[in-house]
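# Notes for the structure review
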Amino acid sequence: MILDQIGLPVVLAPMAGGPSTPELTAAVTDAGGLGLLAAGYLSAAQLESRIAAVRELTSGVFGVNLFAPGPPAAPAVYAGYLAALGARFEVGAARHDTDDWAAKLDLLVTSPVAVVTVTFGCPDPAEIARLHGAGTEVWVTVTSVAEAEQAVGAGADVLVVQGAEAGGHRAVFRDDLADDASDPLSLLALLQLVGAAVEVPLVATGGLTTGAGIAGALAAGAAAAQIGTAFLRSPEAGTNPVHRAAIGGTTPTALTRAFTGRRARGIRNAFMDEFGAAAPVAYPEIHHATAALRAAARAEGNPDAVNLWAGQTHTLAPELPAAELTRQLAADARAALQSALAQRFEPR
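Attention here is on the structure that accompanies the text.

What follows is about the nonpolar core. Counting residues in hydrophobic clusters, the biggest one holds 70 residues, and the most contacted among them are Ile-51, Val-64, Leu-159, Val-161, Ile-227 and Phe-231. Looking at this core element by element, the count peaks at five residues for helix H14 (residues 322-341). Ignoring any residue separated from it by four or fewer positions in sequence, one finds Leu-159 in contact with Val-140, Val-142, Ala-148, Ala-151, Val-152, Val-194, Val-198, Val-200, Pro-201, Leu-202 and Val-203.

In structure tokens, the structure reads:
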């Protein structure tokens, strides 16, 4: 197992859309963790180029994250929402795509990496078998016990357990508007439930910005922690300036579909407040339609019309080089575990 080969229990979250870079991936791997490279929103050719760049930077093991494609949304579902946005902003064309899933899978079979992680769904058993045949471990991100059982049944080697605290998109296999009426499970609750249901290693993700948070996840049964928000201010990250400036502030986060048509956690802003309640389930259609307005907001330095994906503990995110941060998180987690073990457990 790759988790047995890495020196530190830190996995870099694959933050698609800008923050993920070959430099960030390589830095975490070289520090002793596991660097993951985001393939989301890239073509297969672009992904091939980025994998080559990582290999130029490190000889260590690393992985690639893929977005599993979902079904298209009917235009009637999102037409009214786009009309409302169009009255205020420049809106592009809504379109469905598979994020070049098949071509990326072919690439990763012919030019394998150590790990392929999958978000937004579970590959079918035949797809997992193809990756296994190339010598690649398959990790699937889950948000419920039912998803965990489906992924293990399909052949997943490791589950990335995503709690409600996580920044960015919710990794649910099926995004359903009806689910908004219930709270998604927190990481600690989900780790316990999934750990009781399946017998594969778990990687915890969601709101883990400090070593103490990692220690809590490890104590709850995780083999490692996947960290995203804490790395957004690292110099190796490709985080845009508007987003980088918002991380570490005190504005809280919220879940919204306003920017992409899929539920995601970001730092609360005016766009989320105004349009979040009306946003439909239509990903990636809304993602593509709002790309122009988000690009314009970034160019203007306007944080109120751009997605500022972040976990609930983003206030604690440091500004450190990725390798230093990886080592510090691991050292702090070890210290927190030792401190916890030093507590009294005998009745007084």
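Read across the open sheet, the three strands follow the order S7-S11-S10; overall the sheet is antiparallel. Lying at the two open borders of the sheet, with one neighbouring strand each, are strand S7 (168-169) and strand S10 (253-256). Pairing of S7 with strand S11 (residues 264-267) involves two bridges; the strand directions are antiparallel. By the bridge assignment, Gly-168 is partnered in S11 with Arg-265.

As a packed pair, helix H3 (residues 44-57) and helix H5 (residues 101-110) sit with axes 9 Å apart at the nearest point and diverge in direction by 30°. Once H3 is placed against H5, the crossing between them reads as right-handed. Packed against H3, whose contacting residues are Ala-44, Leu-47, Glu-48 and Ile-51, the element H5 presents Ala-103, Lys-104, Leu-107 and Leu-108 at the interface. Tallied by class, residues from the contact of H3 with H5 come to six nonpolar, no polar and two charged.

Where burial is concerned, most of strand S5 (residues 137-142) is hidden: six out of the six residues are buried. In S5, alternate side chains face the same way, and those of Glu-137, Trp-139 and Thr-141 on one face and Val-138, Val-140 and Val-142 on the other are all buried. Across four bridges, the pairing between strand S4 (residues 115-119) and S5 is parallel. From the neighbouring strand, Val-118 faces S5, where its bridge partner is Val-140. Viewed along the sheet, the connection from S4 through helix H6 (residues 125-133) into S5 turns out right-handed. In the sheet, S5 pairs with strand S6 (residues 158-162) via four bridges, with the strands oriented parallel. Counted as the bridge partner of Val-142 is Val-161 from S6. Crossover S5 to S6 through helix H7 (residues 145-154) is right-handed.

Here we come to H3. In this model, H3 (14 residues) spans 20 Å end to end at C-alpha, consistent with the 20 Å of a helix rising 1.5 Å per residue. Taken residue by residue, H3 has Ala-44, Leu-47, Ile-51 and Val-54 as its buried positions. Summarising the axial view, the buried residues of H3 lie within an arc of 75°, below the 170-degree limit, and thus occupy one face. Of the residues in H3, the exposed ones pointing more than 90 degrees away from the buried face are Ala-45 and Glu-56. Next to the buried residues of H3 lie helix H2 (22-30), strand S2 (35-38), strand S3 (62-67) and H5.

Between H2 and H14, whose axes approach to 8 Å, the crossing angle comes to 40°. The angle between H2 and H14 falls in the class oblique. Crossing geometry of H2 relative to H14 is assigned as right-handed. Along its contact with H2, which presents Leu-24, Ala-27 and Val-28, the element H14 presents Ala-322, Ala-323 and Thr-326. Residue composition of the contact of H2 with H14, grouped by class: five nonpolar, one polar and no charged.

Throughout the structure, instances matching the rule amount to eight aromatic pairs. With centroids separated by 6.1 Å and ring planes inclined at 65°, the aromatic side chains of Phe-89 and Phe-275 adopt a geometry described as edge-to-face. Remark: Phe-275 occurs in helix H11 (residues 270-275) and Phe-89 occurs in the loop between helix H4 (75-86) and H5; sequence separation between them is 186 residues. Look at Phe-259 and Trp-309: their rings are 6.1 Å apart centre to centre, the planes differ by 85°, and that puts the pair in the edge-to-face class. In this pair, Phe-259 sits in the loop between S10 and S11 while Trp-309 sits in the loop between helix H13 (291-300) and H14, placing the two residues 50 residues apart along the sequence. Trp-309 matches Phe-259 in its accessibility class, with the two residues each being buried. Within the aromatic cluster, the residues linked to one another by ring pairs are Phe-89, Phe-259, Phe-271, Phe-275 and Trp-309.

Parameters and conventions
- Residues numbered from 1 in each chain as written.
- Predicted model: local features only at pLDDT ≥ 70, side-chain atom pairs only at ≥ 80, totals over all residues.
- Heavy atoms only, no water.
- Core = buried A, V, L, I, M, F, W, Y, C linked by side-chain atoms within 4.5 Å.
- Buried < 20%, exposed > 50% of the residue type's maximum accessible area, 1.4 Å probe, protein only.
- Helix = DSSP H or I, 4+ residues; strand = E, 2+ residues; numbered from the N terminus.
- Contact = heavy atoms within 4.5 Å.
- Pairing = 2+ DSSP bridges.
- Axes fitted to C-alpha atoms, helices over the stretch in contact; angles between N-to-C directions.
- Left-handed = near helix turned anticlockwise from the far one by under 90°.
- Nonpolar A, V, L, I, M, F, W, Y, C, P; charged D, E, K, R; others polar.
- Right-handed = clockwise from strand over helix to strand, strands pointing away.
- Expected span 1.5 Å × (residues − 1).
- Arc of directions from axis to C-beta.
- Parallel < 35°, antiparallel > 145°, perpendicular 65-115°, else oblique.
- Phe/Tyr/Trp six-rings, centres within 6.5 Å; stacked < 30°, edge-to-face > 60°.

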